[in-house]
Amino acid sequence: ADLAVAKAGDPEKYKWELSFACVSVGTKGMQVKPQMKVGLTTNNFRLDAGLDDVRDGIRLAMKGEMFVEAACKGRSVGELHRSIACDTPGFREALNVVKKMLGQTASTTGSCVSEAARLLGYDREYLEAVLQGDAATLGGLPKQMTLQVQAGASVGVSGKVCLGWCDTRGYHMV
């Protein structure tokens, strides 16, 4: 499985930033921003408090977040389920519940395949064939699928006022 928790030497996946007053240092280098903030951000958690970059409005915040992500590739749901792994407590249990729901056929109690097929506009039998990687029904080798699972929790409080000036993304927010 391709986990978002980065391995050493994997700069694309591992990102961090440490902010103190108007200086932020991280994987993007050192930046001086019009802010008064103390915080630390990594791939799996974020903790910050203070006045954010005033170019994006006046925002006071105190927030803590934890998040995890796992991804894998395969040609059937079974293959995806065998290859994805995550040892984070709670996340692993939630992942097992979803595996059970998607691993069942429409005739099995607790299946969500019929409802998913209806919402996607597919025939139930076709969606089951796709999920099972049934090459005969699909008319050849099934395409590779990507499964990406994300979970997170946060707690905090914030307030923001936008006074119409151009922000760092080019918008004039009011």
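Visitor: Just to check I follow, could you spell out the confidence of the model for the protein for this structure?
Guide: For any part of a model where pLDDT is low, the fine detail of the predicted coordinates should not be relied upon. Looking at the protein, the pLDDT average stands at 79 and 83% of residues meet or exceed 70. Below a pLDDT of 50 lies the segment residues 1–11, which in the model reaches 19 contacts outside its immediate sequence neighbourhood of four places, other chains included.

Visitor: What's the story with the pairing of strand β5 (residues 58–74) in this structure? I'm lost.
Guide: Note on strand geometry: in a regular strand, side chains alternate between the two faces of the sheet. Two elements, strand β4 (residues 45–51) and β5, share 7 bridges in a ladder whose sense is antiparallel. Pairing of D48 across the sheet is with K63, part of β5. A loop of 6 residues connects β4 with β5, the two strands running antiparallel in sequence, and G57 in this loop sits at a positive phi of about 105°. Pairing geometry for β5 and strand β6 (residues 145–161), over 17 bridges, is antiparallel.

Visitor: What am I meant to see in a nonpolar patch on the surface here?
Guide: Judged by side-chain polarity, Y14, W16, L18, V25, M30, V32, L40, F45, L47 and M66 come together as a nonpolar surface patch covering roughly 970 Å² of accessible area. Of all elements in the fold, only β2 (17–26), β3 (29–41) and β4 reach the threshold of two or more residues within the nonpolar patch. With 3 residues, β3 is the largest single contributor of residues to the nonpolar patch. Along the chain, M30 falls in strand β3.

Visitor: Which parts of the structure should I look at to understand helix α4 (residues 124–132)?
Guide: For an α-helix, the turn length of 3.6 residues means that residues three or four places apart are oriented alike. Burial in α4 covers these residues: L127, E128, A129 and L131. Two residues or fewer after α4 comes G133, characterised by a positive phi angle close to 70°.

Visitor: When you look at the nonpolar core in this model, what are you seeing that I'm missing?
Guide: Soluble globular proteins tend to pack their nonpolar side chains together in the buried interior. Core analysis: the largest hydrophobic core is formed by 10 residues, namely V68, A70, C72, L80, I84, C86, F91, L95, M145 and V149. For this core, the elements supplying multiple residues, two or more each, are β5, α2 (91–103) and β6. The leading source of residues in this core is β5, at 3 residues. Every residue in contact with V68, bar those within four places of it in the chain, is listed here: N44, C86, T88, F91, V149, Q150 and A151. Counting residues in each nonpolar core, the second largest holds 5 residues, with V113, A117, L127 and L131 among its members.

About the thresholds
Residues numbered from 1 in each chain as written. Predicted model: local features only at pLDDT ≥ 70, side-chain atom pairs only at ≥ 80, totals over all residues. Heavy atoms only, no water. pLDDT = per-residue confidence, 0-100. Contact = heavy atoms within 4.5 Å. Pairing = 2+ DSSP bridges. Helix = DSSP H or I, 4+ residues; strand = E, 2+ residues; numbered from the N terminus. Patch = residues over 30% accessible without salt bridge, like charges linked within 9 Å, V, L, I, M, F, W, Y side chains within 5 Å. Areas by Shrake-Rupley, 256 points an atom, 1.4 Å probe, with all protein chains shown as cover. Salt bridge = Lys/Arg side-chain N within 4 Å of Asp/Glu carboxyl O. Buried < 20%, exposed > 50% of the residue type's maximum accessible area, 1.4 Å probe, protein only. Core = buried A, V, L, I, M, F, W, Y, C linked by side-chain atoms within 4.5 Å.

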